[in-house]
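Spelled out from the first residue to the last, the chains are:
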Amino acid sequence: MQTCRLLCSLLSASMILSGIPACVDGCDVGQSVCGAHAPGDVVIGIMLPCHQKVKAIQERIRPESFHCSDFDLPSFLKSLATIHEIEEVNAAGFLPGVRLGYLMCDTCAYASKALQNVEHMLAVNNSLNVECNYTNFRPRVKIILGALYSEESVAVARLLNVYMVPLLSGSSSSPELSDKLRYPVFLRTVPSDVHQTKALAKIMSHYRWNWVGVVYGDDEYGKAAFQSFLRDAEANEVCLAYQEVLPHYLDNSNSKQRIKQVAQQIRSSSAKVVLLILKAELVEILFKEMIRTNTSRIWIASDVWSRSWPLTQMDDINNVGDILGFTFVTGKSESFENYLKNLTVTPGGYNHFIEEYKNLRFNCSAECLADKPPAYCPSPDLLKIKSDDACKFKDPQEQNDDYLGTAVDTSDTYTNRIAVWAVAHALKKLLKCNSTSCSGEINFPPWMLLKELKEVKFKFDNQNFYFDKNGDFVNGYDLITWEKHGRHRTFKRIGQYHVFDEQIELDVENLTWLSTGSAMTPQSRCSDSCSPGSVKKILNVSCCYICTQCAEGTYSDGIDFNDCKNCSNGTWSLKGSDHCEPREESYLRWDEAHPITMMAASAFGILLLLVTFIIFLVYRDSPPMKRAEVRLSCVMMAGLAVSFTSVLCFMGKPNVHLCRARQVLYAMGFTLCVSCILVKAYRTFLVFLPFGQITKRRLHKLYKPPAVVIVITSLQGLICLLWLIFDSPDVDDTPPSPQSMKYTIQCREGRTYIGFGIMLSYIALLALIGFLLAFKGRKVPQEFSETGYIIFSMLMYLFVWVCFVPVYITNNEERTPVQASAILVSSYGIIFCHFLPKCHEALWGSKTDTLEGILRRWRLRFHQSPNPDSETGTETGTETGTETHVDVPDVSASSQKSVRFSISSMSTILWSSGTLNEISPTDPEPVIMPAPSEQGRDYPLFKRLGTTVTRRRRSVSF
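Note that the structure is a prediction, hence the values are computed from the model and not measured.

A. Fine view of the state of the cysteines. All chains considered together, the criterion is met by 11 disulfides. Sulfur-sulfur distance for the disulfide between Cys68 and Cys108 comes to 1.6 Å. Of note, the bridge from Cys68 to Cys108 carries an S-S torsion of about 95° and is right-handed in sense. Residue Cys68 is located in strand S6 (residues 68–71), and its partner Cys108 is located in the loop between strand S7 (100–106) and helix H4 (111–121); the two are separated by 40 residues in the primary sequence. You can call Cys68 partly exposed: its relative accessible area is 23%. Residue classification places Cys108 among the buried positions, given a relative accessible area of 0%. Residue Cys526 pairs covalently with Cys544 via a disulfide, S to S 1.8 Å. On the sign convention where negative means left-handed, the S-S torsion of about 105° between Cys526 and Cys544 marks this disulfide as right-handed. Here Cys526, found in the loop between strand S21 (503–506) and strand S22 (534–538), pairs with Cys544, found in the loop between S22 and strand S23 (545–549); they are 18 residues apart in sequence, far enough to count as distant.

Structure representation (structure tokens):
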């Protein structure tokens, strides 16, 4: 420790001896470096760039003075606002007995120049001594307000860390400065760019701009803000089409070339939105290039240029496109605007910057307006400041007007004014001020003010302000747009960003865009948005993708989703759906049109059978009814009624009992009906077709109608029983098709459908046999048989069920109505073919011939036909030549037996089947039935007809 003190003392002494003079060649160094000053008990340093750049910075090889150029009006206005607010504190007596002074230095937007300013601000007795411990270091400047740019603040804060002199900025927003380990002396009255970049990414996400370009400066502010934006952009699904860097310093020899390259990149890119994290002067040069090449884009402004008044006044600024930006909280001050109208130097001090401004504004310099102005003339942009009446004034320093209040946005100075009041409140506590006096020590070490400043809380313009743990204000941002105002632009607030909840609140939703000329938001996307029901399939970057539809059972209910959501709680969705909903249960409901139609058809069929049954009973003795066999017909009606009833079991929500009942009812009922038709077909087959006597006898033995009907139907019953035992019908538990929103509740005819197939095949086999038998006897006169009706009805049945099978197999959801319809059609086919014609004949009379005419026609036919199946030597009473042998029954009053007669040896005509009826020779028509045997007798009827009657014992049947 002693060694350190000794070294420090030696170093200090050598510096004093060598002398860091207060004057160099008779020049007051402080005044030459810092351009404005006002005395006070407590002096506040002001470090803002009143000029845009340092001349010939790249040519500087010796530590000469910095020469600044290009007067910067907006920054000059910020310095005036700071000075005015210091004077307001003094005028208000906020610190009783204490007057605040200021020392203002121009940084010229250059960090090295800012460091030189710090050296002079902290000089004690015109020198800055080196010490080991600066705890008791008491410079005249207790705090420095500035700098404007983060690049300067970073450099200055590094140096001030040595002395623990607070640096309070109203605009430096680099996230790096929030690091209190590296910058413990830095505070600011604006939020960190960490919040701004979140706001920038969120506004892009709000307008669905996911394909943007970024151009940033290579200074500390630009690089830190860009890195922060990268993180926030990724979180908000915003992708960078390109990223370009520009040298932040204006006098850089490569600036113009780089700006042209960046402009070319902007023009060639498909991204229509460009974020510019640049100082206003660089943006102006870039915009000029955009205007020259007639390039329009949507520009997103960072806080450093979002309220740049000179940019709004650029020529053809309306051609660059839409401009949005976030700005710090702003506010107007009427007293400050009055101050600008009466701009004067603070009494007792000096302000070279005000003098320079008044010379630019009011000094007559007509030569500078010539085509070739002298070298000392300001730039053409600065000449715009010149008053039209400049040459009328004798002393420019005595003149004032309202130009500063109208040419520059004074509300942009709000954060600088707040900074002054933050210092004032900290000083009030540090100096122990009450309403009448301040008792604290005025010449305090700066670190004591820093300590109080970090804890200060105050109210200004009805808003509460304080510093967070990082030394930042968290008062949010205003979202503004640059509205078209004639040939220039004006600022319009359209929303705000809340730092605490990280949400954007828009005051104007339907913004009119210059790019589209309407309220329709312009787009900047690598790929078109994926609509609800589809999701993104990423290609090379996350914002470039193709849209794919969500699969069945999944959905997306918003745009640009990455993944589909799964349906839950038993809901479902089709492909490409944007929501899920419960599946609709599908079955034949009682209250729907189709089931009602089928039920009506079934009921009408039963009613029709009932009416037919009554007609058959009433006209049972009529010839048509005798030919139709009333008993067999009634059995057929019963079978059809059961078949119609089975259709009702197809209605309603299926259960296991209905599934079984409907198939069994249909199988038994229709089999009973078809078995009766088969008996009728077999009867005709035996009676009218030529067979030998032996063959005929064998076939006659099979003709037992009751037994045939019972056996055939019982066999179907056995099939159904085995079906119910081994593979019973049940409610189908097959999951619905993924492509359907209907859950079809229907019956499953067993696991293998074998029983169902055998049942239908059995009925089809019976129908086919009946059809073949009827087709074989199709030439028999209709008066003796129903072959035509049988053929047509069986063909109709076979056709319906042949069509049914492929439909049933291929259309799973329509199986129930298809089978029910097939049952109805086939049942109605039998009614129309077998019953209605007979009812018509019974009700309106028969047009058939008499028995005598029928037999005469048949006798002529057989006279012309040989006997194909005669058995010579084995039969008596055979036909030879043209002789026809007819077996007839013995007709007498006492005989009540079934008898028959034969037409030749091939056919048999029976008068009755099953019941014994008295037959008179005058009965108009016979009833045809085969009989196994009978003793032939002679009958007068056939003698009268001229028919040879031969008695044959073999052919008589009782």
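B. Spatial organisation of the sheet that holds strand S3 (residues 36–38). On the basis of which strands lie adjacent, the open sheet formed by seven strands has the order S10-S9-S8-S4-S7-S3-S16 and mixed pairing. Lying at the two open borders of the sheet, with one neighbouring strand each, are strand S10 (186–188) and strand S16 (350–351). Relative to strand S8 (residues 141–146), strand S4 (residues 42–48) runs parallel, the two sharing five bridges. Looking across to S8, one finds that Ile44 is bridged to Ile143. Its contacts with the sheet put helix H3 (residues 73–92) on S4, S7, S8 and S16, and the angle it makes with S4 is roughly 165°. Relative to the sheet, H4 contacts S4, S7 and S8, its axis offset from that of S4 by approximately 170°.

C. Up close: the side chain of Ser178. With respect to the helices and strands, the residue Ser178 is situated in the loop between strand S9 (167–169) and S10. A distance of 2.7 Å separates polar atoms of two side chains, one belonging to Ser178 and the other to Asp472. Those residues in contact with Ser178 that sit more than four places away from it in its chain are Arg188, Ser192, Asn470 and Asp472.

What counts, and where the lines are drawn
Residues numbered from 1 in each chain as written. Predicted model: local features only at pLDDT ≥ 70, side-chain atom pairs only at ≥ 80, totals over all residues. Heavy atoms only, no water. Disulfide = S-S within 2.5 Å. Helix = DSSP H or I, 4+ residues; strand = E, 2+ residues; numbered from the N terminus. Buried < 20%, exposed > 50% of the residue type's maximum accessible area, 1.4 Å probe, protein only. Pairing = 2+ DSSP bridges. Contact = heavy atoms within 4.5 Å. Axes fitted to C-alpha atoms, helices over the stretch in contact; angles between N-to-C directions. Polar contact = N/O pair within 3.5 Å; in protein donor to acceptor, adjacent residues only side chain to side chain.

Remember, this is a structural readout, not a statement about activity or role.
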